[in-house]
Amino acid sequence: MNGRKNSLKQPSLPIILVALFLLTMNVLGNYSATTGFDNTLTAFQDTTPVKKDTIPAVRGTDSLKKGDSSIVKNDTFDIKLSKDSLDAPVQYKASDSIVMEVPTKKIILYSKGNIKYKDMDLTADSIEMDNQKNEVIATFRRDSAGNMIGRPVMLQADTKMESNFMRFNTKTQKGITQSTITAQGEMYVQGLKIKKISPTEYYAARGIITTCNLDTPHFDFRTPRMKMVSQKLAVTGPIHPEFEGVPVPVYLPFGFFPLSQGRHSGLLPPQFTASDQFGLGLEGLGYYKVLNDYFDVTLRTNIYSYGGWAAFVTPTYRKRYRYSGSMNLSYQSTRLLSESAKEEFTTAQTFNIAWSHTVDSRARPGQTFSANVNAGSSKYNQYVTNNPMRNFQNNLNSSITYSKTWGTRFNLTASANHNQNNTTELINLNLPNVAFTVNTFYPFQRKELIGESKWYEKLGIGLNTNLANQISIYEKDFSLSKLIDTMQWGAQHNIPIQLSLPPLGPLQISPGISYSEKWYSRKFTREWNQAAKKMDTTIEKGFYSSRDISFSLGLSTALFGTFTNFGKNSPITALRHVVRPTFSVSYKPNLAKNDYYTMQTDTTGLNFYRFSHYEGTIFGPYGEGEFGGISFGIDNNLEAKARNRKDTSGADGGVKKIRLIDGFGFNGGYNFLADSFKLSNISLYFRSTLFEKINITAGANLDPYKVNARGYRINEYAWKGGHFSLGRITSGNIAISTSFQSKPKDDKKAPKEDDQFSNPNLPPMTPEEQMEQLAFARQNPAEFADFNIPWSLNTSFSFSFSRNFKADYSGWETRTNANLSLNGDFNLTPKWKMGMNTYYDFQSSSIQTLTMFISREMHCWQLSINVTPVGPIRTFNITINPKSGILRDLRINRTRYFYGQ
């Protein structure tokens, strides 16, 4: 049988047909008429007959005697295996037919043929298996319109190949293909002819390498010959790029392309910049070195023609299920054109240290360690050229924390903290800080609870102890002697005693006793200097202590109200109001009366103020005065039920809850034992998430007393004197934020939150690395434009004010702060997107920063333009680069900086 048609129509004798039928059934297995052929071909059975022992059995004349018998033995060592037998099962199927040529031992699969052999999975329109040669040949066919049908596709290990023709040897694992495309990570490799010489090695003639997934790519690198190691690398001969089918006259003698995912050592290419203040420059030039599976280092440099330079060393370490972290050591030697006529250049040497470390909770149960350090020169952020957001970062903060827990009762936390103000150049160091906590335990509770508990068994006791050491120093005065001179320590102990009583109807009763004590290392005394007409402060070092105790009895409950009298056509079906009033009676003796004193504050001699010796210490002073009174508060929550217009079923599923007000209320107190100012300030608050879109948070402090002409409080309520007023708002704040965006064009392409920084081929990133990526995205928003979201808008507004003492204690002043932040983007066309990000400060009545971007979607490439026209450092950047991460550094870039306003 030499062909498909002949094998189906050739006449044969009945005896031959029976023999062929039995042989075919023995080899092919069962035939399924409904689903086509789907069989498993094992190794051909050996047709060599088993040899029998030719030596006849020895029989004597008395062979019929007891004990004599005929013995026939089979020789089991002479079984021969056919040389052309397969070493593994073959699974095959086809949708049309399967034809077997018995003399040549060939099997041909027609239409949607599929063969699975070991780790090879081959699919094609026509597949021929030659058992004698151990070869598999796969081809396609064309329909009446000339379209290609059933192009061969082979999957083996991590490699996928799609070709017009395939010839493959199942034993040697060698083969040859024509017009082949294979995917290697982010790379697509094409070859007119590709020869496979081993499971992982290939040779290609007239090869093409690209990251564009089209059959005719927008850009590629072409080479006459190439060698490729699957999922590792590709090495080429002479190579040149080509765009839209047009060769670019840039030729290289060879090419090297990494195809594997993960980390690889290598050079980091720079980008060219130009600035009137810094000169011409190369930014980002460096080297990345992988030291081992757990450690790598990145070195980058910035070099400018006016003599300035910067160096960045970033080691990163990680051990799965144990710990991970990274460090960034930065040094800037800034040299830029001066704005002053006295000097040509302004020079500065600044540094910054950033360290992030996290420990997996599974490494040491009961213990945690974390570090987040950001410290350096106060002017470092001022001279960062390519990060407008960092130019406005005026505070640097650091925290290193270790915590250990013993069971469920004891906890120890040790930490070191750092805070630095870049404007005032004041540095605060808090180290070490130690906190020891004993969770509430019940000493009188029985080990085995039998029957009803006694009231005294619910008496609970706890302990909170904090020890802290603080150093405050200005950057210009940084020295060891100054560190020791400004060092102060303190401690605070708090012992809460509480009694859990059963509810009394709808009321929850909570009695309690709290004892607290503070230790100080210094005492401040302020005195009016009559000669100098100013306030002088004296600091006395030593050991000082102060204590406080309070007794309380609290009552709380909750009231619920529902209003449902709405019309049938009303979109609202019900309103639900929850009121949670709290009321407590407490007494606190004036144990801190010796800590306070009265002192003159101005030259008139009429205004005095009560100061504490411990104002300015770590834990601060206790409140002055004896308190015997009440504390009260009311919290409210308001929700609504609205009909869902999209659901007309009328069932409960057609009604949805809407949160109108998450919480609003007030808190205050009244001291019956005070000789003046018995009513405390009233604290007001409001929280809401309107329409689950607009977040509103507000708060205020209401003073119910009047003030004199100099702004000092007098013991007279604000609503007395014929003019009704609830009081004065002495401080307040409000913050409003919202975010809107259109629906995605394609829900399948919508980004998932969990996938923002995930890559299965790379280790998990540290929080510091995530922040670096977010910072890069903010600096270059055009490179991260999402064309699947037609438009988006984010805005936030904040306003705050407070009434404080003037610096010279001559009176009071109100300080306000208000700002507005806006950022958004929209698609000009399906391929063009424009956006902006701005920050407006109302106090200075000016735009502090403004960043705009334009992005062009070009399938496998992207054009991005980023402009910062307003800010300490104004920038312009245009970049054209491939989207693929492996070719991100293959970019055309133009960047310019303009320092100063």
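What counts and how
Every chain is numbered on its own, with residues counted from 1 as its sequence reads. Local features in this predicted model are restricted to residues whose pLDDT is 70 or higher, and side-chain atom pairs enter the listing and the counts only when it is 80 or higher, whereas totals over whole chains, interfaces and linings include all residues. For the side-chain quantities, the full set of heavy atoms in the structure was used; hydrogens and water were omitted. The helix count covers DSSP runs of H or I at least four residues long, the strand count covers runs of E at least two residues long, and both are numbered beginning at the N terminus. For each residue, the accessible area found with a 1.4 Å probe, counting protein chains only, is set against the maximum for its type, and the residue is called buried under 20%, exposed over 50%, and partly exposed in between. Note on contacts: a residue pair is in contact if any heavy atoms of the two residues lie within 4.5 Å. Note on areas: these come from Shrake-Rupley sampling with a 1.4 Å probe, and a residue is covered only by the protein chains present in the view. Should DSSP find at least two bridges between two strands, the strands are regarded as paired. Under the pairing criterion, centres of Phe, Tyr and Trp rings, with the six-membered ring standing for Trp, must be within 6.5 Å; the plane angle then separates stacked pairs below 30 degrees from edge-to-face pairs above 60, leaving the rest tilted. A carboxyl oxygen of Asp or Glu within 4 Å of a side-chain nitrogen of Lys or Arg is what we treat as a salt bridge. Disulfides are defined in this document as cysteine sulfur pairs within 2.5 Å. Residue types Ala, Val, Leu, Ile, Met, Phe, Trp, Tyr and Cys, when buried and joined through side-chain atoms within 4.5 Å, form a set referred to as a nonpolar core. For every residue, the predictor assigns a confidence score, pLDDT, that lies between 0 and 100.

Q: Sorry, what's going on with the overall build of the chain here?
A: Within the chain one finds five helices and 52 strands. Across the 901 residues that make up the chain, the buried fraction comes to 35%. A sequence separation of at least 24 residues applies to 51% of the contacts in the chain between residues at least 6 apart. Counting only carbon and sulfur atoms, one obtains 58% of the accessible surface of the chain, whose full area is about 52,900 Å².

Q: Where do I start with the pairing of strand E47 (residues 812–829) in this structure?
A: For a regular strand, the rule is simple: side chains alternate between the two faces of the sheet. Bridge count between strand E46 (residues 791–805) and E47: 15 bridges; the pairing is antiparallel. Pairing of threonine 795 across the sheet is with leucine 822, part of E47. As paired elements, E47 and strand E48 (residues 832–841) share 10 bridges and run antiparallel to each other. Of the residues in E48, the one forming a bridge with leucine 820 is tyrosine 840.

Q: Just to check I follow, could you spell out unusual backbone geometry for this structure?
A: Where the residue is not glycine, phi is negative for most of them; where a peptide bond is considered, it is trans in most cases. Cis geometry is found at the peptide bond from leucine 431 to proline 432, where omega equals -10°. If you trace the backbone, proline 432 turns up in strand E30 (residues 426–441). Positive phi values are uncommon outside glycine, yet lysine 118 reaches one of about 55°. Position of lysine 118 relative to the elements: it lies in the loop between strand E4 (106–117) and strand E5 (120–130).

Q: Honestly, the packing of aromatic side chains in this entry has me stumped. Any pointers?
A: How two aromatic rings sit relative to each other is given by the distance of their centres and the angle of their planes. As enumerated under the stated definition, the model contains 24 aromatic pairs in all. Ring geometry for phenylalanine 221 against phenylalanine 257: centres 5.6 Å apart, planes inclined by 55°, an arrangement best described as tilted. Here the residue phenylalanine 221 occupies a position in strand E15 (residues 219–229), and phenylalanine 257 occupies one in strand E19 (residues 255–258), the gap between them amounting to 36 residues. Residue classification places phenylalanine 221 among the buried positions, given a relative accessible area of 14%. Classification of phenylalanine 257 as buried rests on a relative accessible area of 10%. Taken together, a centroid distance of 5.5 Å and an interplanar angle of 40° make the contact between tryptophan 309 and tyrosine 331 tilted. With tryptophan 309 in strand E24 (residues 309–319) and tyrosine 331 in strand E25 (residues 323–337), this residue pair connects regions lying 22 residues apart in the sequence. Given a relative accessible area of 39%, tryptophan 309 falls into the partly exposed group.

Q: I'm lost on the pattern of salt bridges in this one. Help?
A: Side-chain pairs of opposite charge can arise where the charged atoms are in close proximity. Counted under the stated rule, the structure contains 23 salt bridges. In this structure, the salt-bridge partner of arginine 446 is glutamate 457, at a minimum N-O distance of 2.6 Å. With arginine 446 in the loop between E30 and strand E31 (459–474) and glutamate 457 in the loop between E30 and E31, this residue pair connects regions lying 11 residues apart in the sequence. Overall, the relative accessible area of 32% leaves arginine 446 in the partly exposed class. Notably, a salt bridge pairs glutamate 857 with lysine 883, separated by 2.4 Å at the nearest N-O pair.

Q: Honestly, the environment of glutamine 488 in this entry has me stumped. Any pointers?
A: Here glutamine 488 is to be found in strand E32 (residues 488–499). We classify glutamine 488 as buried; its relative accessible area is 6%. Linking glutamine 488 and asparagine 430, residues 58 residues apart in sequence, is a C-alpha distance of 9.7 Å. Discounting residues that sit within four places of it in the chain, glutamine 488 has contacts with Ala468, Asn469, Gln470, Ser521, Arg522, Gly616, Thr617 and Ile618.

Q: Looking at this model, I keep getting lost on the state of the cysteines. Mind explaining?
A: One covalent bond between the sulfur atoms of two cysteine residues makes up a disulfide. Applying the stated criterion across every chain yields a total of zero disulfides. A disulfide-free cysteine, cysteine 212 has its sulfur positioned 3.7 Å from the sulfur of cysteine 860, the nearest such atom.

Q: What exactly am I supposed to notice about the environment of glutamine 862 here?
A: Along the chain, glutamine 862 falls in strand E50 (residues 861–870). Judged by relative accessible area, glutamine 862 falls into the buried class, the value being 7%. C-alpha of glutamine 862 to C-alpha of arginine 891: the two residues are 29 residues apart in sequence and 9.9 Å apart in space.

Q: What should I look at first to understand the nonpolar core in this one?
A: Across soluble globular proteins, nonpolar side chains show a tendency to be buried alongside one another. Among the nonpolar cores identified, the biggest contains 39 residues, and Leu109, Ile115, Leu122 and Ile127 are the most heavily contacted of them. Ranked by residues supplied to this core, first place goes to E5 with five residues. The residues touching leucine 122, leaving out its near neighbours within four places in the chain, are Gly113, Asn114, Ile115, Ile127, Val136, Ala138, Val153, Met154 and Met166.

Q: I'm lost on the confidence of the model for the chain in this one. Help?
A: Interpreting fine coordinate detail is not advised for predicted regions of low pLDDT. Looking at the chain as a whole, its pLDDT mean stands at 82, while 84% of the residues score no less than 70. By mean pLDDT, helix H1 (residues 4–9) is the weakest element of the chain at 38, and strand E23 (residues 295–304) is the strongest at 94. Low pLDDT, under 50, characterises residues 1–77; the stretch is placed with 62 contacts to residues that sit more than four places away or in other chains.

Q: Teacher, can you tell me more about the environment of proline 830 here?
A: The residue proline 830 is located in the loop between E47 and E48 in this model. With sequence-adjacent residues up to four places away left out, proline 830 is seen in contact with Lys745 and Phe787.

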